[in-house]
Amino acid sequence: MSVLVQPLITEKLTRLQDEHQQYAFEVSRNATKPEIRKAVEEKYPEVKVAKVNTIIVPSKPKGRFTKSGFVSGRSKVWKKAIITLKEGEIDFFSEI
């Protein structure tokens, strides 16, 4: 399984990219900070990582109304990594 699952692109994270050179990725739950740093530098060889911050995003209750009544459940628990770069820039849209 890969360390980097997918890049995260939201309004707030786009502002972080522009102002602070920070990028966010969804990573595997058991990935460590050195593994994440190595994976980013291998996938994007033009960048150097200065710092890695990780967050485990907790599960949230979800529910919806259906014909048979209310169906409840929970979202999955996942890990987010915020990468601060020393130099370089990542272009997520060049891969599309």
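Up top is the structure.
Below is a short write-up of the structure. (Residues numbered from 1 in each chain as written. Predicted model: local features only at pLDDT ≥ 70, side-chain atom pairs only at ≥ 80, totals over all residues. Heavy atoms only, no water.)

### Considerations on helix α1 (residues 11–20)
Piece 1. Within α1, the full set of buried residues consists of Leu-13, Leu-16 and Gln-17. In a view along the axis of α1, the buried residues occupy a sector of 100 degrees, so they form one face of it. Exposed residues lying more than 90 degrees from the buried face of α1 are Glu-11, Lys-12, Asp-18 and Glu-19.
Piece 2. Buried positions along α1 lie against β1 (4–8) and β2 (22–27).
Piece 3. The first or second residue beyond α1 is Gln-21, which carries a positive phi of 55 degrees. (Buried < 20%, exposed > 50% of the residue type's maximum accessible area, 1.4 Å probe, protein only. Helix = DSSP H or I, 4+ residues; strand = E, 2+ residues; numbered from the N terminus. Arc of directions from axis to C-beta. Contact = heavy atoms within 4.5 Å.)

### Describing a negative patch on the surface
Piece 1. A grouping of Asp-18, Glu-19, Glu-89 and Asp-91 is seen on the molecular surface, where their side chains present a negatively charged patch.
Piece 2. Within the secondary structure, Glu-89 sits in the segment after β6 (78–87). (Patch = residues over 30% accessible without salt bridge, like charges linked within 9 Å, V, L, I, M, F, W, Y side chains within 5 Å. Areas by Shrake-Rupley, 256 points an atom, 1.4 Å probe, with all protein chains shown as cover. Salt bridge = Lys/Arg side-chain N within 4 Å of Asp/Glu carboxyl O. Lys, Arg positive; Asp, Glu negative; His and termini not counted. Charge placed at Lys NZ, Arg CZ, Asp CG, Glu CD.)

### Topic: unusual backbone geometry
Piece 1. Although it is not a glycine, Gln-21 adopts a positive phi angle of roughly 55 degrees.
Piece 2. The residue Gln-21 is located in the loop between α1 and β2 in this model.

### What to know about the nonpolar core
Piece 1. By size, the foremost hydrophobic cluster in this structure holds 17 residues, and its most contacted members are Phe-25, Ile-36, Val-40, Tyr-44, Ile-83, Leu-85 and Ile-90.
Piece 2. Within the residue set of this core, elements represented by two or more residues are β2, α2 (33–43), β3 (48–57) and β6.
Piece 3. Core analysis: the next-biggest nonpolar cluster, separate from the first, contains five residues, Leu-8, Leu-13, Leu-16 and Ile-82 among them. (Core = buried A, V, L, I, M, F, W, Y, C linked by side-chain atoms within 4.5 Å.)

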